[in-house]
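# Structural overview
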Amino acid sequence: MLQLNYIRENTQEVIDRLAVKNFKAVDIIANVLNLDTQRRDAQKLLDANLAEANNLAKEIGMLFKSGKQAEANVLKERTAELKNQAKDLSEKHDQIETELNLLLVQIPNLPHSSVPLGKSAEHNQNIHQEGTIPAEGSKPIPHWDLCAKYNIIDFELGNKITGAGFPVYKGKGARLQRALINFFLDNATSQGYLEIQPPLMVNEASGYGTGQLPDKEGQMYHATVDNLYLIPTAEVPVTNIYRDVILNEKDFPVKNTAYSACFRREAGSYGKDVRGLNRLHQFDKVEIVQIQHPDKSYETLEEMKEYVASILRKLELPFRILRLCGGDMSFTSALTYDFEVYSAAQKMWLEVSSVSNFESYQANRMKLRFKDKEGKTKLAHTLNGSALALPRIVAALLENNQTEDGIVIPQALVAYTGFNIID
RNA sequence: GGAGAGAUGGCCGAGUUGGUCGAAGGCGCACGCCUGGAAAGUGUGUAAACGUCACAAGCGUUUCAUGGGUUCGAAUCCCAUUCUCUCCGCCA
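Scope of this entry: the structure provided in the associated data block. The model shown is predicted, which means the values in this text are computed figures rather than measured ones.

## With respect to the pairing of strand 16 (residues 381-389)
Most of strand 16 is tucked away, with nine of its nine residues classed as buried. Bridge count between strand 10 (residues 282-292) and strand 16: seven bridges; the pairing is antiparallel. Within strand 16, the residue paired with I288 across the bridge is G385. Pairing of strand 13 (residues 348-359) with strand 16, which is carried by four bridges, proceeds in the antiparallel orientation. Following the sheet pairing, S356 is matched in strand 16 by N384.

## A word on the packing of aromatic side chains
Evaluated as defined, the whole model comprises eight aromatic pairs. Both rings, one in F183 and one in Y416, keep their centres 5.6 Å apart while their planes meet at 80 degrees; by these two values the pair is edge-to-face. Placement of F183 in helix 7 (residues 172-190) and of Y416 in helix 13 (residues 411-417) is noted, with a sequence separation of 233 residues between them. With 6.0 Å between their ring centres and 40 degrees between their planes, Y193 and Y307 make a pair best called tilted. Of this pair, Y193 sits in the loop between helix 7 and strand 4 (194-196) while Y307 sits in helix 10 (residues 297-314), placing them 114 residues apart in sequence. For Y193, a relative accessible area of 3% translates into the label buried. What makes Y307 buried here is its relative accessible area of 6%.

## Describing the packing of helix 2 (residues 11-20) against helix 3 (residues 26-65)
Between helix 2 and helix 3, the least distance of the axes is 10 Å, while the angle of their chain directions is 150 degrees. In the packing of helix 2 onto helix 3, the handedness of the crossing is right-handed. Together, T11, V14 and I15 of helix 2 and V26, I29 and L33 of helix 3 make up the contact between the two elements. Of the residues in the contact of helix 2 with helix 3, the class split is five nonpolar, one polar and no charged.

## As for the packing of helix 7 against helix 12 (residues 390-400)
The interhelical angle for the contact between helix 7 and helix 12, taken along N-to-C directions, is 115 degrees, at an axis separation of 11 Å. Between helix 7 and helix 12, the crossing angle belongs to the class labelled roughly perpendicular. Crossing angle aside, the handedness with which helix 7 passes helix 12 is right-handed. Facing L176, Q177, L180, I181 and F184 of helix 7, the residues of helix 12 in contact are L390, I393, V394 and L397. Across the contact of helix 7 with helix 12, the residue classes tally to eight nonpolar, one polar and no charged.

## Describing the protein's contact with RNA strand B
Contacts to RNA strand B come from 21 residues, most closely from R39, Q43, A57, K371 and K376. Each atom of RNA strand B within 4 Å of the protein belongs either to a base or to sugar and phosphate, the latter forming 73%. In this structure, a phosphate oxygen belonging to RNA strand B sits 3.4 Å away from a side-chain N or O atom of T377. For the surface near RNA strand B, the secondary-structure elements that each account for two or more residues are helix 3, helix 4 (69-104) and strand 14 (369-371). In terms of residues, the surface near RNA strand B owes the most to one element, helix 3, which gives 12 residues.

## Here's the deal with the sheet that holds strand 19 (residues 421-422)
Pairing between sheet strands relies on hydrogen bonds along the backbone, with the strands arranged either parallel or antiparallel. If you trace the three strands from one edge of the open sheet to the other, you get 17-18-19, paired in antiparallel fashion. Only two strands of the sheet have a single partner each, and these edge strands are strand 17 (402-403) and strand 19. Pairing analysis gives two bridges linking strand 17 to strand 18 (residues 406-408), with the strands arranged antiparallel. Its bridge partner being in strand 18, T403 is matched across the sheet by G406.

How each quantity is defined
- Residues numbered from 1 in each chain as written.
- Chains lettered and ligands numbered in written order.
- Predicted model: local features only at pLDDT ≥ 70, side-chain atom pairs only at ≥ 80, totals over all residues.
- Heavy atoms only, no water.
- Buried < 20%, exposed > 50% of the residue type's maximum accessible area, 1.4 Å probe, protein only.
- Helix = DSSP H or I, 4+ residues; strand = E, 2+ residues; numbered from the N terminus.
- Pairing = 2+ DSSP bridges.
- Phe/Tyr/Trp six-rings, centres within 6.5 Å; stacked < 30°, edge-to-face > 60°.
- Axes fitted to C-alpha atoms, helices over the stretch in contact; angles between N-to-C directions.
- Left-handed = near helix turned anticlockwise from the far one by under 90°.
- Contact = heavy atoms within 4.5 Å.
- Nonpolar A, V, L, I, M, F, W, Y, C, P; charged D, E, K, R; others polar.
- Parallel < 35°, antiparallel > 145°, perpendicular 65-115°, else oblique.
- Near = heavy atom within 4 Å.
- Polar contact = N/O pair within 3.5 Å; in protein donor to acceptor, adjacent residues only side chain to side chain.

What follows is the structure in structure tokens.
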């Protein structure tokens with residue numbers, strides 16, 4: 001969430017910048033500031049009350065020690081009075097604070113100054129494109145048919161044992177998954193990322209820390225008996241490693257990578273573009289996470305962007321990079337680059353990675369801080385990106401690399417698959 | 001799942017007949033002295049949040065797992081919850 005101080009001191013700027021995200025902030029900000037004033041007033045009264053009570057308690061203690069019971073009892077009457085008041089004051093204070101927080105979590109992160117205006121995906125800025133898009137006129141087979149043809153991914157079998165969106169990978173299909181995961185992890189660790197193997201289930205506090213809770217609750221699978229959530233991305237457990245942590249400045253940058261299965265209910269996204277591997281309930285992904293000094297986070301974002309591009313290049317996939325417009329960005333992001341690969345048979349761009357700088361938005365929510373040179377505690381910046389999500393990479397590899405003899409594996413992957421063709 | 005023990009500051013660890021306890025001591029860390037330089041030695045400092053305020057100092061409030069209760073006053077007493085450890089059961 002945004003820092004209250006910042007809203008208080010830069011009110012108009014906050015409202016203007018939120019407008020880029022098409023968020024009408026005037027009313028909610030006014031409410032926040034109003035509650036903020038109320039909360040501080042309430043705290044002043046409560047603090048004064050408690051201070052008096054504390055002093056009286058000390059005096060009473062002294063009187064008891066010197067045997068002046070009667071005098072002590074007189075003071076006790078006053079403390080009883082204070083106690084009653086304190087209860088009311090504290091209830092009022094807590095109530096205001098709860099209300100305030102409820103509003104604060106509804107305010108999205110401020111977009112970076114480079115974020116283009118726009119309402120939806122069509123207004124995203126295409127900032128880079130490379131690789132060869134297969135010529136029009138060719139009639140490539142879509143990946144779901146290729147999966148059946150070579151018997152590598154079985155959607156029907158997944159339907160039988162679990163349900164839609166839970167495919168079964170077989171033979172070279174399974175091996176390809178394993179190869180990609182290892183390929184991605186090896187690339188990341190060679191760039192200085194520490195490999196993490198996180199839990200696939202998280203508790204409520206973690207879900208709240210990265211912003212899935214309370215509002216996106218319906219997107220996660222919930223094991224109600226134990227009140228645990230299946231992770232929608234490794235970002236959740238990995239970033240939460242640093243919840244309530246105060247780092248030293250010399251710890252920067254913190255670089256973590258993690259492979260995990262990801263689980264998403266995808267409630268509400270039926271019908272369009274969900275065929276085959278395009279949208280699954282369970283899929284594999286390697287995630288990269290960095291925690292950085294606020295002064296360097298945008299440098300780091302560019303570095304992460306270049307890193308993701310380098311992997312796609314190694315896989316020889318045509319891709320483009322988009323700078324997301326205000327309307328298409330996530331709630332918590334300040335600047336996001338999306339990576340899309342071209343899928344030859346579907347003749348469309350598929351999102352395979354999203355690299356974002358959250359600045360201090362997540363850090364504020366989960367109290368991830370660092371001590372700067374003067375010894376002051378400040379919020380760190382968090383960044384993350386997919387590097388990469390497997391299903392759509394697989395879809396593009398299958399469709400783009402199909403030949404009469406089979407699916408050709410890109411050279412960089414052969415060492416991992418152990419074969420150079422799926423036939 | 002059953003029985004028992006326990007949860008204190010970055011770490012270890014005192015404190016549990018309730019009263020200057022945000023909390024002894026040690027380690028670690030930071031700075032200084034010592035040294036040709038370092039180690040050793042030595043001195044000082046070393047939690048966070050919120051409020052007041054200049055995002056200074058100072059002052060006030062809160063925090064000894066979490067939430068509630070008893071009391072003028074609780075790390076210290078009571079209740080609930082969570083977690084950890086030991087033993088038993090079950091088990092990849």
